[in-house]
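# A structural walkthrough
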Amino acid sequence: MPDGSPIVHLEIAEIAAFVDGALPAGERTRAEAHLADCAECRDELVAVAALLRTAPRRRAWIVPASLAAAAAVALLLVPGLYLSSRLDGDRHREPAVTTTVAPTAIMPRGDMNAVRELMWSAVPRAGRYRVVLLDHGGTLVWRTETPDTAVSIPDSVRLRAGVPYFWKVEAETGFGRWVASDLADFVVGGRPR
């Protein structure tokens, strides 16, 4: 404030009511003016809005959103009070992976002049990748494992021109857990007419 008086921040209940659309017009105008100048209250507003967006809708209980948001913000303002005691026993555990993206076959795809390497996107926390190359009949042509996101095809593997080949890559995301790319296809030297 330019006059040196202390800043009076919005109360948690006011922020929750603002997000919920429950503030009367006059109070809403005052809150909007304060939020325009106060980064701290804007941060709280964003946190409350995010909590409300991700909170599942419950049918059995009807709790005003402003009350639920105020309680959530209150828990956020007391860091570690509850969570630190709950997490002490889990210090040696890796967080559970609930969803994992699959690798994406990048190259080769479609008609290619020459193919000597296979490349794919990285998968977070993947320990290794398994690559499989098949001919047009589904017969295994070559298979390998690597920790990298690219692998060179050995000279012993001869790719014939005009013949479709298929390949995919699997990423190891945990002990015995793999996630696979879609099957990609390519032809060396163009498809026969």
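Residue positions within a chain follow its written sequence, with the count starting from 1. Local features in this predicted model are restricted to residues of pLDDT 70 or higher, and side-chain atom pairs are both shown and tallied only at a pLDDT of 80 or more, whereas totals for entire chains, interfaces and linings draw on every residue. Think of the side-chain values as coming from all heavy atoms in the structure, minus any hydrogens and water.

A few words on the pairing of strand E5 (residues 140-146). Bridge analysis of strand E4 (residues 129-135) against E5 gives six bridges, and the strand direction is antiparallel. Within the sheet, the bridge partner assigned to tyrosine 129 lies in E5 and is threonine 146. Two strands form a pair only when DSSP identifies at least two bridges running between them. Strands here mean DSSP runs of E at least two residues long; helices mean DSSP runs of H or I at least four residues long; both are numbered from the N terminus. Taken together, E4 and the strand that follows it, E5, pair antiparallel across an intervening segment of four residues, in which glycine 138 is found at a positive phi of about 90°.

To continue, consider the pairing of strand E3 (residues 117-120). When a residue's accessible area, from a 1.4 Å probe over protein chains only, is under 20% of the maximum for its type it is buried; when over 50% it is exposed; and in between it is partly exposed. Of the two faces of E3, the one lined by Leu118 and Trp120 is fully buried and the one lined by Glu117 and Met119 carries no buried residue. Pairing of strand E1 (residues 105-107) with E3, which is carried by two bridges, proceeds in the antiparallel orientation. Counted as the bridge partner of alanine 105 is tryptophan 120 from E3. With three bridges joining them, E3 and strand E6 (residues 150-152) adopt antiparallel strand pairing.

Right, let's talk about the sheet that holds E1 for a bit. Read from one edge to the other, the open sheet built from three strands follows the order E1-E3-E6, with strand pairing classed as antiparallel. Whereas interior strands pair on both sides, the edge strands pair on one side only; in this sheet they are E1 and E6. The average angle at which neighbouring strand axes cross in this sheet is 25°, direction not considered. A fitted line through C-alpha atoms serves as each axis, taken over the contacting stretch for helices, and the angle formed by two N-to-C directions is quoted from 0 to 180°.

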